[in-house]
Amino acid sequence: MARHQGRGMASINYPIGMNLGGDPSQALVHANPDGKFTVALSAIDLGQGMKQVSRQIAAETLGVPIEDVYVDTADSDTGPHDMGSFASRGTHRVGNAVIVAAKEARGVLLEAAAEELEVNADDLVTDGKGNIHVRGAASKSITVKAASQAAQFKQGKTISGRGIFLIPLSTVHPETGEMSPVTAYAHACLVVDLEVCDETGDVKVNKLTSAYELGRALNPKMVEQQLVGGAWMGMSHALYETPEPYYPNPEHGGRDYNEYLMPGPGDIAPHDITVLERPAPDGPFGGKGPGEMCANPVLPAVANAIFNAIGVRIDTLPITPEKILRALKAQGGARPQIRRA
Amino acid sequence: MARMPVQFRLNGSDRAVFVEPAETLLGTIRRGLGDFAPKFGCGQGTCGVCTVLVDGEPRLGCLTLSVTCEGRSIETASGLADGPTLHPLQAAFMEHFAAQCGFCTPGMLMAAKALLDRNPNPTRVEVVEAIAGNVCRCTGYEPIINAILAAAQQRGVRRA
């Protein structure tokens, strides 16, 4: 019995969003009479941070404190239409829609303030703390709250904005098949260090090292959270989970968490992450978003590391001890490959 | 079969309920008593989201019969905060981004509380063991482990 060390690497380009139907997102923003803003979305936050990032984008664009923005998501009966939270599209598509909506709402807010201050709206700026004042004359000011109340009760205006972000459907060239379904790509490179036991087929992951380029990290802590967690979802796909282990034969599928395996807290390994920020030209404040890309490079990197460790190339997932042992048997034992430092 | 009376303490309050003989503690807490902090996941004791404390010990609410809890003290994540003041574990979970979708969180918190109550200064391995029965899809466990270690450290500082 021997445990063989292996190192594998994978690099990926990951498209942000998808092309089907043009992939639009909508946002509606309106002020309440207390000067606080509601952003209505049908995009869904499953914990990945959609609400937080939309809130930051709306507050930044409106020029109001983040505490004064409430994001209302995921009532697809009443909210503005959205294609959904998938394909790593949330930050990019929804964020851009929120910017458009918030800009329009900000325009009406400044019009209302201008009317109260008897100045030109073009001369007004916001301080991000809940005040609007004349550029270069901070004393000539009105609070966002007072402007909102004046709009509501005196001027008869709704401070609101509508936003949509749509990348038009890209057609396929009939002869070449060429198309451009995406405008923003994120990138990642991930290295896995692991060891494979040639007696049991067990794989132990020792270390992950990765670099992710995902546009501007609009919320760096949440980006890190996504990358840390997503890597283990990728690891789970690479080494553990499948509903049909003998696909297309449906037998022996996992029926519960005793049989449908996922990594537990004892299976994880240190992950050294570097985030590279290259703002995307058409991203909201340069953001593209981590999304599914958190998990994707892990799978090929693990397959490569196993090849590096024992010389067998396994091309179906998950790479279970059973598959490793069968492959080792067919090959006549482990053939460790060259390791580069 | 006739319903049976059971009395226990839930997060410090005396509660009396009538339960079916085969009713689980999780069902009684959620449907009978309206405390929705413990979650229903697999229903067969393999995911840990229903973890509650029975007399300080972590128990799977989905596999514990309510009739066995007569006279016992039950704790759920709803009882962690003291009014507006979060429990150190809750604060640490926030600080360390230890939740995303949040479904495992009530179980993780209770498994962690049971650990820290009996072992205020655990090692990383002991933390891993304490939450080994709790599955998490989103976080990769690392932030949860770090949060529990940080909460232990902070409680130690306050006690000193």
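Cut-off values and rules
Residues numbered from 1 in each chain as written. Chains lettered and ligands numbered in written order. Predicted model: local features only at pLDDT ≥ 70, side-chain atom pairs only at ≥ 80, totals over all residues. Heavy atoms only, no water. Helix = DSSP H or I, 4+ residues; strand = E, 2+ residues; numbered from the N terminus. Rg over C-alpha atoms; globule rule 2.2 N^0.38 Å. Contact = heavy atoms within 4.5 Å. 1 Å grid on protein atoms, 1.4 Å probe; cavity = no way out; pocket = protein on both sides within 12 Å on 5 of 7 lines; lining within 4 Å. Points joined across faces, edges and corners; volume = space filled by probe spheres on them. Nonpolar A, V, L, I, M, F, W, Y, C, P; charged D, E, K, R; others polar. Buried area = accessible area lost by both parts, 1.4 Å probe. Salt bridge = Lys/Arg side-chain N within 4 Å of Asp/Glu carboxyl O. Buried < 20%, exposed > 50% of the residue type's maximum accessible area, 1.4 Å probe, protein only. Polar contact = N/O pair within 3.5 Å; in protein donor to acceptor, adjacent residues only side chain to side chain. Pairing = 2+ DSSP bridges. Axes fitted to C-alpha atoms, helices over the stretch in contact; angles between N-to-C directions.

### Some details on the overall build of chain A
Turning to step 1, where the next piece is worked out: Of regular secondary structure, chain A possesses six helices and eleven strands.
Turning to step 2, where the next piece is worked out: Radius of gyration (C-alpha) of chain A: 26 Å, far over the 20 Å computed for a compact globule of 341 residues.
Turning to step 3, where the next piece is worked out: With the C-alpha coordinates aligned to their principal axes, the bounding extent of chain A is approximately 85 × 45 × 45 Å.
Turning to step 4, where the next piece is worked out: Long-range pairs, those at least 24 residues apart, make up 74% of the contacts in chain A between residues at least 6 apart in sequence.

### Notes on the layout of surface pockets
Turning to step 1, where the next piece is worked out: Quantified by volume, the largest pocket comes out at close to 820 Å³.
Turning to step 2, where the next piece is worked out: For the largest pocket, the lining is made up of 37 residues, of which Gln48(A), Gln226(A), Gly291(A), Glu292(A) and Gln100(B) are closest to its centre.
Turning to step 3, where the next piece is worked out: Broken down by element, the lining of the largest pocket gets its largest block of residues, seven residues, from helix 4 (residues 220-239) of chain A.
Turning to step 4, where the next piece is worked out: Its residues assigned to classes, the lining of the largest pocket shows 16 nonpolar, 16 polar and five charged.

### Structural notes on unusual backbone geometry
As a rule of thumb, non-glycine residues mostly have phi less than zero, and peptide bonds are mostly trans rather than cis.
Residue and element names in this part refer to chain A.
Turning to step 1, where the next piece is worked out: Going from Tyr247 to Pro248, the amide bond is cis rather than trans, its omega being 5°.
Turning to step 2, where the next piece is worked out: In this structure, Pro248 sits in the loop between helix 4 and strand 11 (271-276).
Turning to step 3, where the next piece is worked out: Backbone torsion omega between Leu317 and Pro318 reads -10°, so that peptide bond is classified as cis.
Turning to step 4, where the next piece is worked out: Positionally, Pro318 belongs in the loop between helix 5 (298-310) and helix 6 (321-331).

### Describing the interface of chain A and chain B
Turning to step 1, where the next piece is worked out: Listed per partner, the contact involves 24 residues of chain A and 23 residues of chain B.
Turning to step 2, where the next piece is worked out: Taking both partners together, chain A and chain B bury about 1700 Å²; carbon and sulfur atoms supply 64% of that area.
Turning to step 3, where the next piece is worked out: Of all residues in chain A, the largest losses of buried area upon contact with chain B belong to Gln225(A), Tyr257(A) and Pro265(A), amounting jointly to 34% of the total for that side.
Turning to step 4, where the next piece is worked out: Our enumeration of links across chain A and chain B arrives at one salt bridge.
Turning to step 5, where the next piece is worked out: With a shortest N-O distance of 2.5 Å, Arg137(B) and Glu241(A) are connected by a salt bridge.
Turning to step 6, where the next piece is worked out: In terms of residue class, the side of chain A that touches chain B is made up of ten nonpolar, ten polar and four charged.

### Side note on the side chain of Glu241(A)
Turning to step 1, where the next piece is worked out: Take Glu241(A): it is sitting in the loop between helix 4 and strand 11.
Turning to step 2, where the next piece is worked out: The class for Glu241(A) is buried, based on a relative accessible area of 6%.
Turning to step 3, where the next piece is worked out: A polar contact is formed between the side chain of Glu241(A) and the side chain of Ser236(A), at a distance of 2.4 Å.
Turning to step 4, where the next piece is worked out: Only 2.6 Å separates the side chain of Glu241(A) from the side chain of Tyr260(A), close enough to count as a polar contact.
Turning to step 5, where the next piece is worked out: Those residues within four positions of Glu241(A) in sequence are excluded, and the remaining contacts are Ser236(A), Tyr260(A), Leu261(A), Met262(A), Pro318(A) and Arg137(B).

### A look at the sheet that holds strand 10 (residues 203-213) of chain A
All names here are of chain A.
Turning to step 1, where the next piece is worked out: Taken together, the four strands give an open sheet; going across it, the order is 1-9-10-11, and neighbouring strands pair in mixed fashion. In this open sheet, the two strands that pair with only one neighbour each are strand 1 (3-15) and strand 11. Going from strand to strand, the sheet's axes swing by 15° on average, the running direction of each strand aside.
Turning to step 2, where the next piece is worked out: Note: strand 9 (residues 185-197) against strand 10, ten bridges, orientation antiparallel. Across the sheet, Val191 pairs through a bridge with Thr209, a residue of strand 10.
Turning to step 3, where the next piece is worked out: Across the sheet, helix 4 touches strand 10 and strand 11, and the angle it forms with strand 10 is around 135°.
Turning to step 4, where the next piece is worked out: The sheet strands contacting helix 5 are strand 1, strand 9 and strand 10, and the helix crosses strand 1 at an angle near 150°.

### Topic: the environment of Ile74(B)
All names here are of chain B.
Turning to step 1, where the next piece is worked out: Take Ile74: it is sitting in strand 5 (residues 73-75).
Turning to step 2, where the next piece is worked out: Note: C-alpha distance between Ile74 and Ala91 (17 residues apart in sequence) is 22 Å.
Turning to step 3, where the next piece is worked out: Setting aside anything within four residues of it in sequence, one finds Ile74 in contact with Phe8, Arg9, Leu10, Asn11, Leu25, Ile29, Val52, Leu53, Val54 and Cys69.

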